Amino acid sequence: MELKRYPDSEMMMIDLADTLASELENALLTHDHVSFAVPGGTTPGPIFDNICDARLDWDRVHVMLTDERWVDESSDRSNTRLLRQRLLTGRAAAAKYVPLYATADTPEEKLPDLQAALDPHLPVSVMLLGMGADMHTASIFPGADQLHAALHGDATLVAMRAPGAPEPRITLSAKVLNGAMSRHIVIKGADKLEALEKAVHLSPEEAPVAAILAGSTVHWAES
């Protein structure tokens, strides 16, 4: 794991957006299409704002989420909604979006179809992840009902229910996260840095992010 510290989050977001764009550009030199996996939540929004107008062949970029809440895109809790508002706009509107949600009461009903649509885009070329103060990443939560499958199974997608998560989730498995050609984790605040330092010494069952720290670059700013 490499830890990069920044004096402030604005500089971190600009630098990280430039890094991601450069890695996508390099991947496009040797591949007809590349995949770009990103998280939802509020933290990556400024990164999306900075990268969406990068001069890339976006029509050759396949964008996907690392995880999604099982809610309709009209919900303000939808990660897809965030992507459409802040990433899949400007030049990046030309990118192909690979969804992790389809209309159904439960994720299990659509899991086979979503996985079949996702598999051709693996391994992920460039991946951005977040981490919670509870040391979860994507939607792989400590104490979740399918934690063992998400950490150790062969499936690419896992339906997940976890304490404190108000709706079911669907998440890329640790197998897919670890298979990414390039992987970055972005965190903010002293509490997240403390959690990261703690996770290094814990098992993935206790701290799911520990399953993917090796080979990751972690980007941190205090505020």
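Data block above holds the structure.
Just so it is clear, the model here is predicted, and its values are computed rather than measured.

A.B. asks: Sorry, what's going on with the overall build of the chain here?
C.D. replies: Helix and strand counts for the chain come out as seven helices and ten strands. Its C-alpha atoms give the chain a radius of gyration of 16 Å, within 12% of the compact-globule value 17 Å for 223 residues. Each principal axis of the C-alpha atoms in the chain carries an extent, and together these give about 40 × 40 × 35 Å. Considering only contacts in the chain between residues 6 or more positions apart, those separated by 24 or more positions represent 74%. With an accessible surface of roughly 9700 Å², the chain has 49% of that area assigned to carbon and sulfur atoms. Each charge class in the chain was averaged separately, 19 positive and 32 negative side chains, and the resulting centres sit 2 Å apart.

A.B. asks: Just to check I follow, could you spell out the sheet that holds strand β4 (residues 67-69) for this structure?
C.D. replies: The strands making up a sheet are joined through hydrogen bonds of the backbone, oriented either antiparallel or parallel. As summarised here, the arrangement of the three strands in space is β4-β8-β7, forming an open sheet in which the pairing is antiparallel. Two strands lie at the open edges of the sheet, namely β4 and β7 (157-160), each paired on one side alone. Across this sheet, the average inter-strand angle for adjacent strands is 15°, counted without regard to direction. Here β4 runs beside strand β8 (residues 169-172); their pairing, made up of three bridges, is antiparallel. Bridge pairing in β8 places Arg69 opposite Arg169.

A.B. asks: Explain the nonpolar core here, please?
C.D. replies: Among soluble globular proteins, nonpolar side chains are generally buried collectively. Phe36, Ile51, Trp58, Val63, Leu83 and Ile185 are the most contacted members of the largest nonpolar core, which has 79 residues in total. Take this core: its biggest share by element is nine residues, from helix α1 (residues 9-28). Residues contacting Trp58, with those up to four places away along its chain left out, are Leu24, Ile51, Cys52, Arg91, Ala92, Ala94, Ala95 and Lys96.

A.B. asks: Explain the sheet that holds strand β1 (residues 2-6) here, please?
C.D. replies: As summarised here, the arrangement of the seven strands in space is β1-β10-β9-β6-β2-β3-β5, forming an open sheet in which the pairing is parallel. Each of the sheet's edge strands pairs with one partner strand only, and the pair in question is β1 and β5 (96-98). Sheet twist, expressed as the mean angle between neighbouring strand axes with direction ignored, is 20°. In the sheet, strand β3 (residues 61-65) pairs with β5 via three bridges, with the strands oriented parallel. Paired with Met64 across the two strands is Val98, which belongs to β5. Strand contacts of helix α3 (residues 79-86): β2 (34-38), β3 and β5, with the helix running at about 140° to β3, the strand carrying the most contacts.

A.B. asks: Just to check I follow, could you spell out α3 for this structure?
C.D. replies: Those residues of α3 that sit buried are Asn79, Thr80, Leu82 and Leu83. Buried residues of α3 fall within an arc of 160° about the axis and therefore sit on the same side. Buried positions along α3 lie against β2, α2 (45-51), β3, β4 and β5. The backbone nitrogen of Thr80 has a side-chain oxygen 3.2 Å away, supplied by the residue at the start of α3, namely Ser78.

A.B. asks: Would you take a moment to explain the pattern of salt bridges for this structure?
C.D. replies: A side chain with one charge may pair with a side chain of the opposite charge, provided their charged atoms come close. For the structure shown, the criterion picks out eight salt bridges. As a salt-bridge pair, Asp49 and Arg86 come within 2.5 Å of each other at their nearest N and O atoms. Here Asp49, found in helix α2, pairs with Arg86, found in helix α3; they are 37 residues apart in sequence, far enough to count as distant. Judged by relative accessible area, which is 40%, Asp49 ranks as partly exposed. The class of Arg86 is partly exposed, set by a relative accessible area of 27%. Residue Asp57 is joined to Arg60 by a salt bridge in which the shortest nitrogen-to-oxygen separation is 3.0 Å. Classification of Asp57 as partly exposed rests on a relative accessible area of 41%. On the accessibility criterion, Arg60 (22% relative accessible area) is partly exposed. What you see here is one network of salt bridges that share partners, running through Arg69, Arg77, Glu167 and Arg169.

A.B. asks: What is the right way to look at the environment of Leu65 in this model?
C.D. replies: For Leu65, the location among the structural elements is in strand β3. Classification of Leu65 by relative accessible area gives buried; the value is 0%. Sequence separation between Leu65 and Asn50 is 15 residues; the distance between their C-alpha atoms is 18 Å.

About the criteria used
Going along each chain's sequence as written, the residues are numbered from 1 onward. Local features in a predicted model are, by the rule used here, given only for residues with pLDDT of at least 70; side-chain atom pairs are given and counted only at 80 or more, and totals for whole chains, interfaces and linings are based on all residues. Only hydrogens and water are set aside when side-chain values are computed; all heavy atoms of the structure are taken into account. Note on conventions: DSSP H or I runs of at least 4 residues are helices, E runs of at least 2 residues are strands, and numbering of each starts at the N terminus. Between the two quantities, the radius of gyration covers C-alpha atoms and the globule rule is 2.2 Å times the number of residues to the power 0.38. Working rule for contacts: check all heavy atoms of both residues, and any pair within 4.5 Å makes them a contact. Residue-level accessible areas treat just the shown protein chains as cover; the underlying method is Shrake-Rupley with a 1.4 Å probe. Here the positive residues are Lys and Arg and the negative ones are Asp and Glu; neither His nor the chain ends is included. Think of each charge as sitting on NZ of Lys, CZ of Arg, CG of Asp or CD of Glu. Think of it this way: DSSP has to see at least two bridges between two strands before they count as a pair. In this analysis, axes come from line fits to C-alpha atoms, helices being fitted only over the stretch in contact, and the angle between any two N-to-C directions falls in the range 0 to 180 degrees. Among buried residues, those of type Ala, Val, Leu, Ile, Met, Phe, Trp, Tyr and Cys that are joined through side-chain atoms within 4.5 Å constitute a nonpolar core. Burial here depends on accessible area, computed with a 1.4 Å probe over protein chains only, as a share of the maximum for the residue type. Under 20% is buried, over 50% is exposed, and the range in between is partly exposed. What the arc measures is the spread of directions leading from the helix axis to the C-beta atoms. Polar contacts, as used here, are pairs of N or O atoms within 3.5 Å; protein pairs need one atom able to donate a hydrogen and one able to accept it. Residues neighboring in sequence count only if both atoms are side-chain atoms. For this analysis, a salt bridge means a side-chain nitrogen from Lys or Arg found within 4 Å of a carboxyl oxygen belonging to Asp or Glu.

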